[in-house]
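Residue-level structural notes
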Number of protein chains: 2
Amino acid sequence: SKMTFEKKKTSEEEEGSGDGVKVNDQGNKGEQLIVSYWGVKPMKITKEDGTEWKWSCFRPWETYKADLTIDLKKHHVPSTLPDKIAYWMVKSLRWPTDLFFQRRYGCRAIMLETVAAVPGMVGGMLMHFKSLRRFEQSGGWIKALLEEAENERMHLMTFMEVAKPKWYERALVISVQGVFFNAYLIGYIISPKFAHRMVGYLEEEAIHSYTEFLKELDNGNIENVPAPAIAVDYWRLEADATLRDVVMVVRADEAHHRDVNHYASDIHYQGHELKEAPAPIGYH
Amino acid sequence: SKMTFEKKKTSEEEEGSGDGVKVNDQGNKGEQLIVSYWGVKPMKITKEDGTEWKWSCFRPWETYKADLTIDLKKHHVPSTLPDKIAYWMVKSLRWPTDLFFQRRYGCRAIMLETVAAVPGMVGGMLMHFKSLRRFEQSGGWIKALLEEAENERMHLMTFMEVAKPKWYERALVISVQGVFFNAYLIGYIISPKFAHRMVGYLEEEAIHSYTEFLKELDNGNIENVPAPAIAVDYWRLEADATLRDVVMVVRADEAHHRDVNHYASDIHYQGHELKEAPAPIGYH
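Every value quoted in this text rests on a predicted model; they were computed, and no experiment measured them.

Reading the values: the criteria
- Per chain, residue numbering runs from 1 following the sequence as it is written.
- Here the convention is simple: chains get letters from A, ligands get numbers from 1, in the order in which they are written.
- It should be noted that, the model being predicted, local features are given only for residues of pLDDT at least 70 and side-chain atom pairs only at 80 or more, the latter also being counted only at that level, while totals for whole chains, interfaces and linings use all residues.
- Just so you know, side-chain values use all the structure's heavy atoms and leave hydrogens and water out.
- Counting from the N terminus, the helices are DSSP H or I runs at least four residues long and the strands are E runs at least two residues long.
- Helix span, as expected, comes to 1.5 Å for every residue beyond the first.
- Type-normalised accessible area, obtained with a 1.4 Å probe on protein chains alone, sets the label of each residue: buried when under 20%, exposed when over 50%, and partly exposed for intermediate values.
- Least squares is used to superpose the copies, and the fit set is the C-alpha atoms of residues whose pLDDT is at least 70 in both copies.
- Here, nonpolar core refers to any group of buried Ala, Val, Leu, Ile, Met, Phe, Trp, Tyr and Cys residues whose side-chain atoms link them within 4.5 Å.
- Throughout, a residue-residue contact means that at least one pair of heavy atoms, one from each residue, lies within 4.5 Å.
- Cavities and pockets are defined on a 1 Å grid built over the protein atoms alone: a cavity is a set of grid points where a 1.4 Å probe fits but cannot escape, while a pocket is an open set with protein on both sides within 12 Å along at least five of seven lines, and lining residues are those with an atom within 4 Å of any such point.
- Grid points are joined across faces, edges and corners, and a volume is the space filled by probe spheres set on the points.
- Put simply, Ala, Val, Leu, Ile, Met, Phe, Trp, Tyr, Cys and Pro go in the nonpolar bin, Asp, Glu, Lys and Arg in the charged bin, and everything else, Gly too, in the polar bin.
- Looking at any residue, its pLDDT shows the predictor's confidence there, from 0 to 100.
- Note on method: axes are straight lines fitted to C-alpha atoms, helices fitted across the in-contact stretch only, with angles between N-to-C directions ranging 0 to 180 degrees.
- Any angle from 65 to 115 degrees is called roughly perpendicular, while one under 35 is roughly parallel, one over 145 is roughly antiparallel, and all others are oblique.
- Geometry of aromatic contacts follows a simple scheme: Phe, Tyr and Trp rings, the Trp one being its six-membered ring, pair when their centres are within 6.5 Å, and the pair is stacked under 30 degrees between planes, edge-to-face over 60, tilted otherwise.
- Should the NZ of a Lys or the CZ of an Arg lie within 6 Å of a ring centre and within 35 degrees of the ring normal, that charge is described as sitting over the ring.

Let's shift gears to helix α4 (residues 141–159) of chain A. Taking 1.5 Å per residue, 19 residues should reach 27 Å; α4 of chain A reaches 27 Å between its end C-alpha atoms and fits that length. Counting buried residues along α4 of chain A, 18 of its 19 residues qualify, which places the element largely inside the surrounding structure.

If you want it as structure tokens, here you go:
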């Protein structure tokens, strides 16, 4: 196929082997074709039942059934000074959050997931660069932390389907992300031990919030709508799953992140680096 | 199992369910045990032949056979001004690199892979945060770019086994990474179109360098040692594979990254965002 947008072409590119790739341009131009000499067609993937896999940001083999048996009550008793600071920093953040959201747990989930997806990416990125600089293995922790970030982002992609954030909530997200990203980046460079402990406590709070979310669903204050299609595929839910089922698996995910982060902090507490202990990849 | 390092414990943690996790402490203390209430045992994974999978940073289902039929000669003819700037920037970087490394392609590969693994992580991270801020899907491009970064890092993990960088090369890597990371971060924020085009040209140069590497192997200037175990597993090579086989698959990887980046730039050139075109995940 031809290159449609570049005027001067050498013969070599004239007979370019690139293919046109369909683009789902949300604009009114409908389906447009990006014709590029470099066009790379995505792999065609089908579900077990042969129907086409329609999600591009996760693949069938990345879906899973959440382990709902995980102990939701586990708590790390802060014993050292840094632990106590981490604990009280998280507790103090709870107060303005409760004030802002009151019982609107749908919006709360959306807003907090935009923050929850930051630490894993920052930690994974910093470990990736450390592995490059020091020519050393990572023990799989880059992947484990990036997996956490991707999982939290999928929470957001799911809740986005059931709750539409208002313009001022969107503005808040942008400012909170800017502050939190930089603070966590510096915090992680200075002390991964402290950073992972804090995320462990943030996850303990998230479990609490999702339990409240369930209560609001059960007493009818929040409508128990059908689960979004993306959630049904991602967590392998039943076709007739509802929002309640989604909140249950999301809460279980947070408990797994709690374990991984408290564990990562403990590894540092015992004088080791993460790379020395095999990473809990695929722990959900 | 008990918590061995925290003195004051509540009863709840006394009967903690955490397990001890073996740590391969490179120090002389031999195998130590991290005992943590939060200990998460990594999944036990075995190869198809039942033997235990020994790598923690990649899994059997993430290994692949590189497509060696990819056209190594494809080149993007720079037609716009930004294209020409990207092209000449990369060409001008070639000159000092050749001067520094001469024909030492083992060391060259190691050093350049520490740089090549930066763009994918930066691009993936920025797209991850944009997806969070804007509550929008990513079209799979976060994963495609993070995959590229991880693949380039695996190149480094492989070449590290056959060439040991000297202390001044390690120092150079640290400074180059600091400069390149910040420059690429700013460049990507300003113009992903330009950034992807530049990476496309860097990959075209990498293909050229690996071809030279092969020549040095073939004329005996570089010893064609057996392929490192990590490479044999990662690219599913034959058990008796040699360094030459590794360079062949690494060069094929670079050609795939060339396509993905030139394609990503083309998408922007046609006025679209990456998320509008399904990402080429697993393209290798």
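Okay, back to it.
So, on to the relation of the copies chain B and chain A. For the pair chain B and chain A, the superposition axis carries a translation of 0.0 Å, the fit reaches an RMSD of 0.0 Å, and the rotation angle comes to 180 degrees. In symmetry terms, the pair is related by a two-fold rotation axis. By C-alpha distance to the rotation axis, the residue of chain B lying nearest is Met 125 of chain B, at 3.9 Å.

Ranked by size, the top nonpolar core spans 156 residues in total, and within it Phe 159, Phe 213 and Trp 235 of chain A together with Phe 159, Phe 213 and Trp 235 of chain B carry the most contacts. With near-sequence residues (within four places) excluded, Phe 159 of chain A lies in contact with Ala 109, Ile 110, Glu 113, Tyr 210, Phe 213, Leu 243, Val 246, Val 247 and Val 250 of chain A.

With that settled, consider empty space enclosed by the protein. All names here are of chain B. Per the counting criterion, the structure on display carries 1 cavity of 30 Å³ or more. Considered as a void within the structure, the largest cavity measures approximately 40 Å³ in volume. Pro 119, Gly 120, Gly 123, Leu 145, Glu 148, Tyr 184, Tyr 188, His 196, Val 199 and Asn 261 are the residues that line the largest cavity. Where the lining of the largest cavity is concerned, the elements lending two or more residues are α3 (105–133), α4 (141–159), α5 (167–190) and α6 (192–218). At 3 residues, the largest contribution of residues to the lining of the largest cavity is made by α3. Residues of the lining of the largest cavity, tallied by class, amount to 5 nonpolar, 4 polar and 1 charged.

Residues and elements named next belong to chain A. Secondary-structure assignment places Ala 229 in helix α7 (residues 229–234). Looking at Ala 229, the relative accessible area reads 39%, which means it is partly exposed. Taking C-alpha positions, Ala 229 is 8.6 Å from Thr 158, a pair spaced 71 residues apart along the chain. When residues no more than four places from it in sequence are discounted, the contact partners of Ala 229 are Lys 54 and Trp 55.

Moving on, we come to the environment of Ala 264 of chain A. Residues and elements named next belong to chain A. Mapped onto the fold, Ala 264 is located in helix α8 (residues 243–269). Note on Ala 264: relative accessible area 0%, which makes it buried. Between the C-alpha atoms of Ala 264 and Leu 126, which are 138 residues apart in sequence, the distance is 15 Å. Not counting chain neighbours up to four residues away, the residues in contact with Ala 264 comprise Trp 141, His 196 and Leu 274.

Residues and elements named next belong to chain A. This prediction gives chain A a mean pLDDT of 87; 88% of its residues lie at or above 70. Segment residues 1–17: pLDDT under 50, and 34 contacts once partners within four positions in sequence are set aside and those in other chains are kept. Considering only residues more than four positions removed or in separate chains, one finds that residues 25–30, a stretch of pLDDT under 50, has 7 contacts. Per the prediction output, this complex has pTM 0.89; the corresponding ipTM is 0.89.

The next thing to look at is the packing of α4 of chain A against α4 of chain B. Closest axis-to-axis distance for the α4 of chain A/α4 of chain B pair is 13 Å, and the angle between their directions is 180 degrees. Taken together, the axes of α4 of chain A and α4 of chain B are roughly antiparallel relative to one another. Along its contact with α4 of chain A, which presents Ile 142, Lys 143, Leu 146, Glu 150 and Arg 153 of chain A, the element α4 of chain B presents Ile 142, Lys 143, Leu 146, Glu 150 and Arg 153 of chain B. A class-by-class count of the residues in the contact of α4 of chain A with α4 of chain B yields 4 nonpolar, no polar and 6 charged.

By the definition in use, this model includes 36 aromatic pairs over all chains. Ring centres of Tyr 87 of chain A and Trp 88 of chain A lie 5.2 Å apart, and the angle between their planes is 80 degrees; this geometry places the pair in the edge-to-face category. The class for Tyr 87 of chain A is buried, based on a relative accessible area of 18%. One aromatic cluster is present, built from ring pairs that chain together Trp 53, Trp 55, Phe 58, Tyr 64, Tyr 234 and Trp 235 of chain A. The side chain of Lys 193 of chain B reaches across the aromatic face of Tyr 269 of chain B, ending 4.6 Å from its centre.

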